[in-house]
Amino acid sequence: MQPVFLQLGISLLLGLLVGLERQRAPGAVAGLRTFPLIAVLGTVCALLAEAHQDSWMLAAGLLGVAAIVVLGHWLRLREAEPDHGTTTNVAELLMFAVGALLTVEGMTAVAVAVGGGMAVLLQFKGELH
């Protein structure tokens, strides 16, 4: 098992990578601060679940992030010119999962690949359309 501070550091850096990309996206509501917080929350919830051998903490964290994402999306839909995009919402939920994945032994490379791949995918929106 990796040291906890290494897991938290990787989680923070992956969140910063994705958050930096979202920060540059026009109209994005989550960015450089939100994504690292979500990733670290995923890691902390998974560490707590592992320490107490009870997965309810991880589920509660995911439900909390999902509730915030849904509320944010609902509030945006009430604006005069609503943005119906869901990419940032999905990226937020996936970032929580990436943070949690870092606590699973042997999954660091997978978490880094998913986080990095997500940043690349988000960056090349124009080219992919």
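Structure's up top.
Residues numbered from 1 in each chain as written. Predicted model: local features only at pLDDT ≥ 70, side-chain atom pairs only at ≥ 80, totals over all residues. Heavy atoms only, no water.

### With respect to helix 1 (residues 4-24)
Cut-off, in case you're wondering: Put simply, DSSP H or I for four residues or longer makes a helix, DSSP E for two residues or longer makes a strand, and each gets a number counted from the N terminus. To estimate how far a helix should extend, the number of its residues minus one is multiplied by 1.5 Å. Three exposure classes are used, based on accessible area relative to the maximum for each residue type with a 1.4 Å probe and protein chains only: buried under 20%, partly exposed in between, and exposed over 50%. The arc refers to the directions leading from the helix axis to the C-beta atoms. Note on contacts: a residue pair qualifies if any of its non-hydrogen atoms lie within 4.5 Å across the two residues.
For helix 1, with 21 residues, the first-to-last C-alpha span of 30 Å sits near the 30 Å given by 1.5 Å per residue. Buried within helix 1 are the following residues: Gln7, Ile10, Ser11, Leu14, Gly15, Val18, Gly19, Glu21 and Arg22. Down the axis, helix 1 shows its buried residues gathered within 165 degrees of arc, on one side only. Seen from the buried face of helix 1, the exposed residues on the opposite side, beyond 90 degrees, are Phe5, Leu13 and Arg24. Close packing links the buried residues of helix 1 with helix 2 (34-52), helix 4 (87-101) and helix 5 (108-123).

### Focus: the side chain of glutamate 21
Definition in use: Polar contacts, as used here, are pairs of N or O atoms within 3.5 Å; protein pairs need one atom able to donate a hydrogen and one able to accept it. Residues neighboring in sequence count only if both atoms are side-chain atoms.
By secondary structure assignment, the location of glutamate 21 is in helix 1. The class of glutamate 21 is buried, set by a relative accessible area of 10%. Within polar-contact distance, the side chain of glutamate 21 engages the side chain of arginine 22 at 3.0 Å.

### Let's talk about the environment of proline 3
Along the polypeptide, proline 3 turns up in the segment before helix 1. Owing to a relative accessible area of 52%, proline 3 belongs among the exposed residues under this scheme. Between the C-alpha atoms of proline 3 and threonine 103, which are 100 residues apart in sequence, the distance is 9.6 Å.

### What about helix 5?
Between its first and last C-alpha atoms helix 5 spans 22 Å; for 16 residues at 1.5 Å apiece the expected length is 22 Å, and the two agree. Within the span of helix 5, buried status applies to Thr108, Ala111, Gly115, Met118, Ala119 and Leu122. The buried side chains of helix 5 occupy one side of the element, clustering within an arc of 105 degrees when seen end-on. Those residues of helix 5 that are exposed and aimed more than 90 degrees away from the buried face are Ala109, Ala113 and Leu121. In the core, the buried residues of helix 5 are packed alongside helix 1, helix 4 and helix 6 (125-128).

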